[in-house]
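Each chain is listed here by its residues.
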Amino acid sequence: METPSSDCRGAEAVLNLQPNSSVPITYHPLFGPHNDLILLELDQKLVPDILHQRVTVRGQPDEDAVICTESKTYAIKSVGTSNSVFLIPPSCQFNSFEEPKCFDVNYHDQQSAASVLKIAPGTMELVEIAPRLDKLKLLLSENPYRSDEDIEMGDLEEMERENVGLYKWDDLIEKVQASNDELRNGLQALSAVEIDGYWRIVDEKYMDIILRMLLHNAVLNDWSFTSLNEDEVVNVLISDGFPRKLANHCLCVFGSKVEGGAGISNIWKLDERKVCVHFARETLRDGKRKMESFMEEWMRKIPEGMQASFDMLEGEVLTERIGIETWIRAFRVSSLSGNPAERFSILFKERPKWEWKDLQPFIRDLNVPGLSAEGLLLKYTRRLQPTMDTEPVFSSR
Amino acid sequence: MQIRVKCSCGENCPEWAMLELQGMVEVQPQFQDRLHNLKIGLLCRPSSSPETYTFTVGYHELTGTKVPLKKPLLVLNKAKHTGEDVRVELEVIGIIRHRILFKTRPKALISKTQPTLKERATLAPS
């Protein structure tokens, strides 16, 4: 007997059905609920990522799983259907060698039919979302790198054994729901640095010590803040007792590389804003201050040759008038949740009403795919503008 | 936890077929425990118009069309490996790029035996 070619059975029989012909549709010999078979709806542009195995599912058992490509994060949404969706596998898959048990007109053997393996109750869809980076901040804050941390290898092993807040890249991608690119950006935004294989944020007091030392060395050696030679700066900091990694990190956090003409530049320039903001944070570390005394102390801390201006503190501080006095305290956008609902809830707890110029620095970093800044305001705030020529005020919905 | 979505088919992902119709196909009681290999119906492609299909289930005929999916569907297989700890694997085993959609109400065919009211309510295999 001739074996029927594969085009007259399975999915091929349906997909290649010629005009004026027909194919019987049957229940597959392995027909069943097959709960392990999932249909995932995918944008055409993501198909190559899947086929080349660049896609991962990330999340802890208690979190809603997300799907990550190299650069983006997607939530997985389950969509049910009331239609009957028959799934027919190609002839090369789910073969059963079992002969049909009943040979009557109601049955067909698998060789001459297209057979339905499963009736799909629905599909999974992907919705692009912002990466869930709040958890990254939380994890790295468990155990920041401190100045008194002269870690010997033995201590490190012990800490690792005790699992006290040390995370390698591989641990982070297991725990944080973000794509690789988003995680790298998140680490950069937190000024994290990889030390002995672990991603750490460095305690601000320690950063303060290194920065002051760097500025001090610059004055001693007559270096210009806009043209710092990496090797010189780092070597002097090492001789002052700082680890090379941290010396380099200090340049990365407070400066940027100067674009060289040819080859790789090793000239750095300190970022005036970053340095000034750092000293404002230091000044406000112990709590709120009267504006005059804050300004006086802040200005005194600013290295000579740099110009601080109050605008630099957007998204860093809040001011309030109590009686005739203005007080200032630290309130950093970087310490707020990246989740819009939580962010607005914290902001309105802080102040029931916000003027746009005050609010904007605290929400401009929010990123919700598919929702504009206006959309965010519409969703989470109530806008009050008594007359056309007054400034609008935003309050909680 | 991170699960890499595996795919061993590369660019040659096997294409699955998908038929979609409104409502349910009900199996007559005498076949309910013997579904495997049971005939559901006959899918025909008349020559008249290019992407039209008919699907005859029992005494009813559905008319539908083959439509490309705007977004393809991947068929994923979730496999649990129970070793020292439970590991879940996801593997792409197929792709669906078209569906044959029957969205009209079934048309009753003139039948040999007069269907009873009960039978008319269900789409029964012939």
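Note that this is a predicted model, so its numbers are computed, not measured. (Residues numbered from 1 in each chain as written. Chains lettered and ligands numbered in written order. Predicted model: local features only at pLDDT ≥ 70, side-chain atom pairs only at ≥ 80, totals over all residues.)

## Re the interface of chain B and chain A
In step 1: Of the residues lining the interface, 51 residues belong to chain B; the matching set on chain A comes to 57 residues.
In step 2: Top contributing element to the side of chain B that touches chain A by residue count: strand E5 (residues 60–82) of chain B, with nine residues.
In step 3: Grouping the amino acids of the side of chain B that touches chain A by side-chain chemistry returns 31 nonpolar, ten polar and ten charged.
In step 4: Across three bridges, the pairing between strand E3 (residues 56–58) of chain A and strand E1 (residues 2–7) of chain B is antiparallel. Counterpart to Arg 58 of chain A in the pairing with E1 of chain B is Gln 2 of chain B. (Contact = placed C-beta atoms within 7 Å. Helix = DSSP H or I, 4+ residues; strand = E, 2+ residues; numbered from the N terminus. Nonpolar A, V, L, I, M, F, W, Y, C, P; charged D, E, K, R; others polar. Pairing = 2+ DSSP bridges.)

## Observations regarding the sheet that holds strand E11 (residues 255–257) of chain A
In step 1: Overall, antiparallel pairing links the three strands, which are arranged E10-E12-E11 (chain A) in an open sheet. Strands at the two margins of the open sheet, each flanked by one partner only, are strand E10 (228–229) and E11 of chain A.

## Re the pairing of strand E15 (residues 325–330) of chain A
Residue and element names in this part refer to chain A.
In step 1: Across two bridges, the pairing between strand E13 (residues 289–290) and E15 is antiparallel. Residue Lys 290 lies in a different strand from E15, and its bridge partner there is Trp 327.
In step 2: Alignment of strand E14 (residues 317–322) against E15, held across six bridges, turns out to be antiparallel. Opposite Arg 321, over in E15, you have Thr 326 as the bridge partner.
In step 3: Joining the antiparallel neighbours E14 and E15 is a turn of two residues, in which Gly 323 adopts a positive phi near 65°.

## Considering the sheet that holds E14 of chain A
In step 1: One open sheet accounts for three strands, arranged E13-E15-E14 (chain A); its pairing is antiparallel. The sheet is open, and its two borders are formed by E13 and E14 of chain A, each paired with just one other strand.

## Some words on unusual backbone geometry
In step 1: For Gln 53 of chain A, which is not a glycine, the phi torsion comes out positive at approximately 60°.
In step 2: Relative to the elements of secondary structure, Gln 53 of chain A occurs in the loop between helix H2 (47–51) and E3.
In step 3: Here Gln 53 of chain A falls in the partly exposed class, since 15 other C-beta atoms lie within 10 Å of it.
In step 4: Phi angles above zero are rare outside glycine, and Asn 37 of chain B is one such case at about 70°.
In step 5: Among the structural elements, Asn 37 of chain B can be located in the loop between strand E2 (17–21) and strand E3 (39–45).
In step 6: Since 24 C-beta atoms lie within 10 Å of it, Asn 37 of chain B is described here as buried. (Buried ≥ 20, exposed ≤ 12 C-beta atoms within 10 Å, placed from the backbone.)

## Thoughts on the packing of helix H10 (residues 272–283) of chain A against helix H11 (residues 291–301) of chain A
Residues and elements named next belong to chain A.
In step 1: Remark: H10 packs on H11, axes separated minimally by 9 Å, with the N-to-C direction vectors making an angle of 135°. In this view, H10 runs oblique relative to H11, as classed from their interaxial angle. Once H10 is placed against H11, the crossing between them reads as right-handed. Counted together, Phe 279, Ala 280, Glu 282 and Thr 283 of H10 and Phe 294, Glu 297, Trp 298 and Lys 301 of H11 form the full contact between these two elements.
In step 2: Here the residues of the contact of H10 with H11 are counted per class, giving four nonpolar, one polar and three charged. (Axes fitted to C-alpha atoms, helices over the stretch in contact; angles between N-to-C directions. Parallel < 35°, antiparallel > 145°, perpendicular 65-115°, else oblique. Left-handed = near helix turned anticlockwise from the far one by under 90°.)

## Some thoughts on helix H6 (residues 180–189) of chain A
Residue and element names in this part refer to chain A.
In step 1: Along H6, the residues classified as buried are Glu 182, Leu 183, Gly 186 and Leu 187. Looking down the long axis of H6, one finds its buried residues gathered within 140° of arc, a one-sided arrangement.
In step 2: Among the structural elements, strand E5 (73–88), helix H3 (134–141), helix H5 (169–175), strand E8 (192–195) and strand E9 (198–201) are those in contact with the buried residues of H6.
In step 3: Directly beyond the C-terminal end of H6, a positive phi value near 55° is found at Ser 191. (Arc of directions from axis to C-beta.)

## Description of the environment of Leu 17 of chain A
In step 1: For Leu 17 of chain A, the location among the structural elements is in the loop between helix H1 (10–15) and strand E1 (21–27).
In step 2: Sequence separation between Leu 17 of chain A and Lys 168 of chain A is 151 residues, and the spatial gap between their C-alpha atoms is 54 Å.
In step 3: Residues in contact with Leu 17 of chain A, not counting those within four places in the same chain, are Val 23 of chain A together with Leu 43 and Arg 45 of chain B.

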